[in-house]
Each structure stands twice: as C-alpha cells, then as structure tokens.
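Summary of the model geometry
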Amino acid sequence: GDSVTQMEGPVTLSEEAFLTINCTYTATGYPSLFWYVQYPGEGLQLLLKATKADDKGSNKGFEATYRKETTSFHLEKGSVQVSDSAVYFCALRDNQGGKLIFGQGTELSVKP
Amino acid sequence: GAGVSQSPSNKVTEKGKDVELRCDPISGHTALYWYRQSLGQGLEFLIYFQGNSAPDKSGLPSDRFSAERTGGSVSTLTIQRTQQEDSAVYLCASSTLTGLGEAFFGQGTRLTVV
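Residues numbered from 1 in each chain as written. Chains lettered and ligands numbered in written order. Predicted model: local features only at pLDDT ≥ 70, side-chain atom pairs only at ≥ 80, totals over all residues. Heavy atoms only, no water.

Now for the pattern of salt bridges. Should the charged atoms of two oppositely charged side chains come close, the side chains can pair. Residue and element names in this part refer to chain A. One pass over the structure, following the stated rule, counts seven salt bridges over all chains. With a closest N to O distance of 3.6 Å, Lys56 and Glu63 form a salt bridge. The exposure class assigned to Lys56 is exposed, which follows from its relative accessible area of 51%. When its relative accessible area of 33% is taken as the criterion, Glu63 is described as partly exposed. (Salt bridge = Lys/Arg side-chain N within 4 Å of Asp/Glu carboxyl O. Buried < 20%, exposed > 50% of the residue type's maximum accessible area, 1.4 Å probe, protein only.)

In the structure shown here, the tally under the stated rule is two disulfides over all chains. Shown here is the disulfide that connects Cys23 of chain A with Cys90 of chain A, its sulfur atoms set 1.9 Å apart. Handedness here is read from the sign of the S-S torsion; for Cys23 of chain A and Cys90 of chain A, about -70°, the answer is left-handed. One end of the pair, Cys23 of chain A, is in strand E4 (residues 23-26); the other, Cys90 of chain A, is in strand E10 (residues 86-93), with 67 residues separating them in the sequence. Considered together, Cys23 of chain A and Cys90 of chain A belong to a single accessibility category, that of buried residues. Covalently, Cys23 of chain B is tied to Cys92 of chain B through a disulfide, its sulfur atoms 1.9 Å apart. Between Cys23 of chain B and Cys92 of chain B the disulfide shows an S-S torsion of about -65°. By sign, it is left-handed. In this pair, Cys23 of chain B sits in strand E3 (residues 19-24) while Cys92 of chain B sits in strand E9 (residues 88-95), placing the two residues 69 residues apart along the sequence. For Cys23 of chain B, a relative accessible area of 0% gives the class buried. (Disulfide = S-S within 2.5 Å. Helix = DSSP H or I, 4+ residues; strand = E, 2+ residues; numbered from the N terminus.)

The next thing to look at is the interface of chain B and chain A. The interface is formed by 24 residues belonging to chain B together with 23 residues belonging to chain A. Counting the surface lost from both chain B and chain A, the interface buries some 1600 Å², and carbon and sulfur atoms represent 50% of this. Here chain B is connected to chain A by zero salt bridges. Taken together, the connections running from chain B to chain A amount to six residue pairs in polar contact (both at pLDDT 80 or more). (Contact = heavy atoms within 4.5 Å. Buried area = accessible area lost by both parts, 1.4 Å probe. Polar contact = N/O pair within 3.5 Å; in protein donor to acceptor, adjacent residues only side chain to side chain.)

Structure follows, in structure tokens:
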C-alpha cells in the first residue's frame, strides 16, 4: 500500500541554519503531497502542498519540490528561526480523494 | 462552522468503560478522517469516510473501535471496553473530496484511560 517515510528526529539546529527534512513516498498512482506542521500545544495545519510532478510548494520560507523520479518531497528552509520549532509531517493523498497517509513526523528544535 | 470541531477536548475514563468522541467537520466537506496520535508518535490512520460510507476502515485497531457518520456531516468514534493502551489524542480532519484539497484538522480529543 501507499506509504510515507520521513527522516527521524529530533533535529536540532541553531538559528539561521539551513534545514532539510527528507521525505520519500511509495504510491501506486500520482498522489498529491503535503507538509503539515504541529506547533507546540497546537493542532496540525497545512504548511505547503504540491499536486503534480515538478510542482514546488512554498510557504513561510519553506519549500518542497515534488520529485517523481526519486519519489521524494524534501522540506527545505534557508534560514530557520526559533519560532519554526515544531513537529513536521509529510503526507500523501491519492488523486481519487482517498485517505491521507502521514509519515511518522520529524521534531525540529531551533536554538537561539 | 469555521473549522473542524471536536468534543470533548479532554476525556478521562475508567478502564472497561465505553467512550464516544464527536467530530463536526467543515460544512460541505465530504471527506472525513480519524487519526490517533500517541505521545511522541506519528499519526495513525483509523478510518476514512466519503459522505456517510467508509471505504477504508483498515486502521481500526480492534473490533472495540467503530465509527459512523450521519447526514454527511457529524461523525462519532466509539471505543468500547476501553483499555489503557487506548490513551492518545484522537484527531479528526475533513476535506473536499478531490485529492487536491487539503485536510483541515480539529484540535483533537485527549483520551486518558485510568
């Protein structure tokens, strides 16, 4: 079945460091891909999405590119802030509107 | 409503009791999902509704778990004869039916079985 694999955390970075959180997926069709973020004490919210190959999703300085050839959707940010400390979840959803499948989440901690 | 609403926000129950968790999705959203998030863990898929039918119940961990959705709107997740391992945050999300639509999450119900 479809699945999502994320790099394990926790990831600890200093402020202004470059961030990459790896995400790869397995899917039989052509899914839409998402990154969700869960800030401490808050619910999950969508960070960015991409719906077809080579699309780039971006929001709040974060970017991820849908790479069909490597089945990847890695999350990047050029300069992280303390306020980016959160748990990040990669997810896919098949384009028939099926269930949303999440990776295991990656905790990011940014130190001043 | 403006967002996905879940109730109660917190529930403490004794082992062996039944509990019902409620989810009010965003109006007009035909897809509804239930997930479970245990401490320090990822999101475990439980069940997915399209309208009132559940094409995928594969994530329900045992026959003590059941869910229904009525009127294409409110959904209830029922856990019978609760066990301590059922303690977790239960999350509900809704979305439009197409694969392009993002899922919007509620704040969750924190269930503690003592």
